[in-house]
Amino acid sequence: MDMNPQEEALVKHLADMEEDEALEIAKRMLLEEGADPLRVLELCRTAMDVVGKRFEEGEYFLPELVLAGEMLDTIGAIAKPLIKQDEGGASKKLGKVLIGTVHGDLHDIGKNIVTFMLDINGFEVKDIGVDVPVATFIDEIKAYEPDVVGLSGFLTLAFDSMKETIAAFEAAGMRSDFKVMIGGGQIDETVRAYTGADAFGVNAVEAVGLCKSWTGAAA
Amino acid sequence: MTIHDLARGDAKVAYDARRQRLLDCIALKQPDRMPVALYGTFWLAKYGGITCKELMYDYEKTAAVAARAVEEFEPDAIAPFVQVTAAGKSLEAIGFKQLQWPGHGVGDNQPFQYLDREYMKADEYDDFLFDPTGYYLRTYLPRVASAFEGFEDLPIFPGLHYFRLVAGIRPFAKPSVRAALEKVIAAAEEVDRFVGHAVAFNEDMARKGWPLINGAIAVSPYDFIADYFRGATGMMKDLFRHKDKLLALLDKASDFLTRQTIATAKLSGQEIVMIPIHWAPDAFMSGKQFETFWWPPFRKMMMGMIDAGLVPMPLWEADCTKRLEIIRDIPAGKCIYWFERTDMVKAFEVLGDVVALRGNLSPSLMTTGKPEEVDAAVKHLVDNVWAKGGKLILDGAFGLADETPVENVRAMFDAARRYAG
């Protein structure tokens, strides 16, 4: 993307976790200079590509993903009301992902980070919360028609909850309609095989990579 | 008389032999066989055929189930089982808000779960740093436990003097403070019963020949602030937004946690202190962040504990492979490092001449695998760690996962005895 020096500075400060500097430029562009809000959000996505790359390369870790999410939320809250109705058509999404923590488990930190990373990578994500009963997954899937279903769980009891949930997808005749990925602190290949999921991921970037590969988007 | 002197006759001989295996491992000497620990929380409910709620609420039933498990598997060291499970009545009495437990937010057959929230606001660092006790009394305690609601009205103590001191205690006459004090006293009476049952279990087991694997349980300074004050995402943002104040609070917490841990451990009569570690894993922060924020205050705390004659036993959760070279910087023969998902062979290669090791049969294997797979996993650890001189205390990755079938526990103990004495 071609960028002027100010735009380059915004991307650099966002990617380098320099929050004060990044927000100052974003506010100036949006509130004083009348910059196109869609352009500013596009710059944010460019910066997030750099953040994701640094995460994959082992330079960045969870704290950087969390701060990046905060910076994007702040800029988004300023930019979105400035978008004119006729410009506001939703950009083409890569695919739809439904995500939730399986029944019996209340943990959500990992799920929330996966949701954020999928969102900024161009997926439409519906997060249906924690301790989600099997029947709720089924109802939500019927209504939302996702390409990928993400099951999250931190406790060892989640192994059986995931297995039951995926078995219920089979019983409802919908298992082949979407891919299933699982993730959480204790998840490994043994658990993937036990639950019947298509794949597991150990972090949010892996989840993005799985969804991209399944929806045909270049990883 | 200490808890180590309670057993008599054959039980005393057995107790001393088992305890000596732990002490030998810690001192990096060769024990007569590989010790195996029996540690679990809600696994006991599955084992005993009782609900998670009964495990948390029925002191006698929990002690009986735990004693039965100990007698069945004959471990070398055991969890303080009642202490780590039967807190239900105490949690209820204190109105504890940071957990959901059976009957309080989760079903009767589900384990308790911690609620990750922001219990301290980002702009409260100065208050906490200036007067930790005042911050606890008037701000933190009412937030995390309803029995303390009313403590907000307590006087500010530093500065009270002479006639100002006399007038200054007037808030104790307020209905809000009186009600809170009554609730706290009632809660403390329940906690007293709980601890009485926990101590009675530990002493009963000691009389029968079974030493504990730990007494007190402590926390690292970083995890203390991240888990119980700022919350996961709050803490991660503070690394950038409030770096200097966070470093100051980590240093201060290191000092007061060391003092408190030493006092609690002396009361328990056990030198080994378990320290569950949540925020050290490779994926959670960079090496530079780990060496800046996480490790220095924890190392200082461990050194204080070692100087006081204690044995720190951090349970390094998840995968901490990238931390091994850093956490090696501790005096040899003074600690047990318990690893959850770090490859134990790699941990042995880096740390084998510095610390005893504990763990780490994987939860997925233990809950979904077959006994012969458990046997093979134990043999792998024996062949590649124990037989090569590693001072390994065999256990599950964080004790026994709640859903572990009894036959897999049996396989773990049988394999340990078959391959390592």
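Residues numbered from 1 in each chain as written. Chains lettered and ligands numbered in written order. Predicted model: local features only at pLDDT ≥ 70, side-chain atom pairs only at ≥ 80, totals over all residues. Heavy atoms only, no water.

**As for the overall build of chain A**
- Helix and strand counts for chain A stand at nine helices and five strands.
- When the helices and strands of chain A are placed in sequence order, the string is α-α-α-α-β-α-β-α-β-α-β-α-β-α.
- For chain A, the C-alpha radius of gyration of 19 Å lies close to 17 Å, the compact-globule estimate for 219 residues.
- Residue burial in chain A is summarised as follows: out of 219 residues, 50% are buried.
- Relative to all contacts within chain A whose residues are 6 or more apart in sequence, the contacts with residues 24 or more apart total 71%. (Helix = DSSP H or I, 4+ residues; strand = E, 2+ residues; numbered from the N terminus. Rg over C-alpha atoms; globule rule 2.2 N^0.38 Å. Buried < 20%, exposed > 50% of the residue type's maximum accessible area, 1.4 Å probe, protein only. Contact = heavy atoms within 4.5 Å.)

**Observations concerning the overall build of chain B**
- The helix and strand inventory of chain B stands at 19 helices and ten strands.
- A globule of 421 residues ought to have a C-alpha radius of gyration of about 22 Å, and chain B, at 22 Å, matches this closely.
- Along the first, second and third principal axes, the C-alpha atoms of chain B reach 70 × 50 × 40 Å.
- Burial analysis of chain B (421 residues in total) assigns 56% to the buried set.
- Element-wise, carbon and sulfur atoms account for 55% of the exposed surface of chain B, whose accessible area totals about 16900 Å².
- Treating the 50 positive side-chain charges of chain B as one cloud and the 57 negative ones as another, the clouds have centres 3 Å apart. (Areas by Shrake-Rupley, 256 points an atom, 1.4 Å probe, with all protein chains shown as cover. Lys, Arg positive; Asp, Glu negative; His and termini not counted. Charge placed at Lys NZ, Arg CZ, Asp CG, Glu CD.)

**Digging into empty space enclosed by the protein**
- As enumerated under the stated definition, the model contains one cavity of 30 Å³ or more in all.
- Computed from the structure, the largest cavity encloses a volume of approximately 30 Å³.
- Split into classes, the residues belonging to the lining of the largest cavity amount to four nonpolar, one polar and two charged. (1 Å grid on protein atoms, 1.4 Å probe; cavity = no way out; pocket = protein on both sides within 12 Å on 5 of 7 lines; lining within 4 Å. Points joined across faces, edges and corners; volume = space filled by probe spheres on them. Nonpolar A, V, L, I, M, F, W, Y, C, P; charged D, E, K, R; others polar.)

**Some thoughts on the sheet that holds strand E2 (residues 124–127) of chain A**
Residue and element names in this part refer to chain A.
- Strand order across the open sheet formed by five strands is E2-E1-E3-E4-E5, with parallel pairing between neighbours. On the outer flanks of this sheet lie E2 and strand E5 (199–201), each paired with one strand and no other. When strand polarity is set aside, the average angle formed by the axes of neighbouring strands in this sheet is 25 degrees.
- Sitting on the sheet, helix H6 (residues 134–144) is in contact with strand E1 (96–101), E2 and strand E3 (148–152), with an inclination near 165 degrees to E1. (Pairing = 2+ DSSP bridges. Axes fitted to C-alpha atoms, helices over the stretch in contact; angles between N-to-C directions.)

**Remarks on helix H8 (residues 132–144) of chain B**
Residue and element names in this part refer to chain B.
- Under the 1.5 Å per step criterion, the end-to-end length of H8 is only 15 Å for 13 residues, more than 12% shorter than the ideal 18 Å.
- The axis of H8 is deflected most strongly, by about 35 degrees, at Arg138, and proline Pro142 appears within four residues downstream.
- Of the positions making up H8, those classed as buried are Pro132, Gly134, Tyr135, Tyr140, Leu141, Pro142 and Val144.
- At its buried positions, H8 is contacted by helix H7 (125–130), helix H11 (221–230) and helix H13 (243–268). (Expected span 1.5 Å × (residues − 1). Bend = angle between axes of the 7 residues up to and from the residue.)

**Focus on helix H9 (residues 204–215) of chain A**
Residues and elements named next belong to chain A.
- Taking 1.5 Å per residue as the helical rise, H9 with its twelve residues ought to reach 16 Å, and the 17 Å between its terminal C-alpha atoms agrees with that figure.
- Within the sequence span of H9, burial applies to Ala204, Val205, Ala207, Val208, Leu210, Cys211 and Lys212.
- Against helix H3 (37–56), E1, helix H5 (109–120), E3, strand E4 (179–183) and E5 lie the buried residues of H9.
- For H9, the N-terminal capping position is held by Asn203, with its side-chain oxygen 3.0 Å away from the main-chain nitrogen of Val205.
- Within two residues after H9, Gly216 carries a phi angle of roughly 80 degrees, on the positive side. (Polar contact = N/O pair within 3.5 Å; in protein donor to acceptor, adjacent residues only side chain to side chain.)

**Concerning the pattern of salt bridges**
All names here are of chain B.
- Taken as a whole and assessed by the stated rule, the structure comprises 36 salt bridges over all chains.
- One salt bridge connects Arg418 with Asp375, and the closest N-O pair in it is separated by 2.4 Å. Taken together, the positions of Arg418 in helix H19 (residues 406–420) and Asp375 in helix H18 (residues 371–386) put the pair 43 residues apart, joining distant regions of the chain.
- Residue Asp375 is classed as buried on the basis of its relative accessible area, which comes to 16%.
- A single network of salt bridges, built from pairs that share partners, joins Arg21, Asp32, Arg33, Asp76 and Arg417. (Salt bridge = Lys/Arg side-chain N within 4 Å of Asp/Glu carboxyl O.)

**Structural notes on the environment of Gly269 of chain B**
- Structurally, the position occupied by Gly269 of chain B is in the loop between H13 and strand E6 (272–277).
- In contact with Gly269 of chain B, other than residues within four places in its own chain, are Ile3 and His4 of chain B.

**A short note on the packing of aromatic side chains**
Residues and elements named next belong to chain B.
- Counted by the stated rule, this structure contains 32 aromatic pairs over all chains.
- Ring centres of Trp43 and Tyr47 lie 5.0 Å apart, and the angle between their planes is 25 degrees; this geometry places the pair in the stacked category. Note that Trp43 and Tyr47 are positioned in helix H2 (residues 43–48) at a spacing of four residues, about one turn of the helix.
- A centroid spacing of 6.2 Å and a plane angle of 80 degrees characterise the contact between Tyr337 and Phe339, whose relative ring orientation is edge-to-face. (Phe/Tyr/Trp six-rings, centres within 6.5 Å; stacked < 30°, edge-to-face > 60°.)

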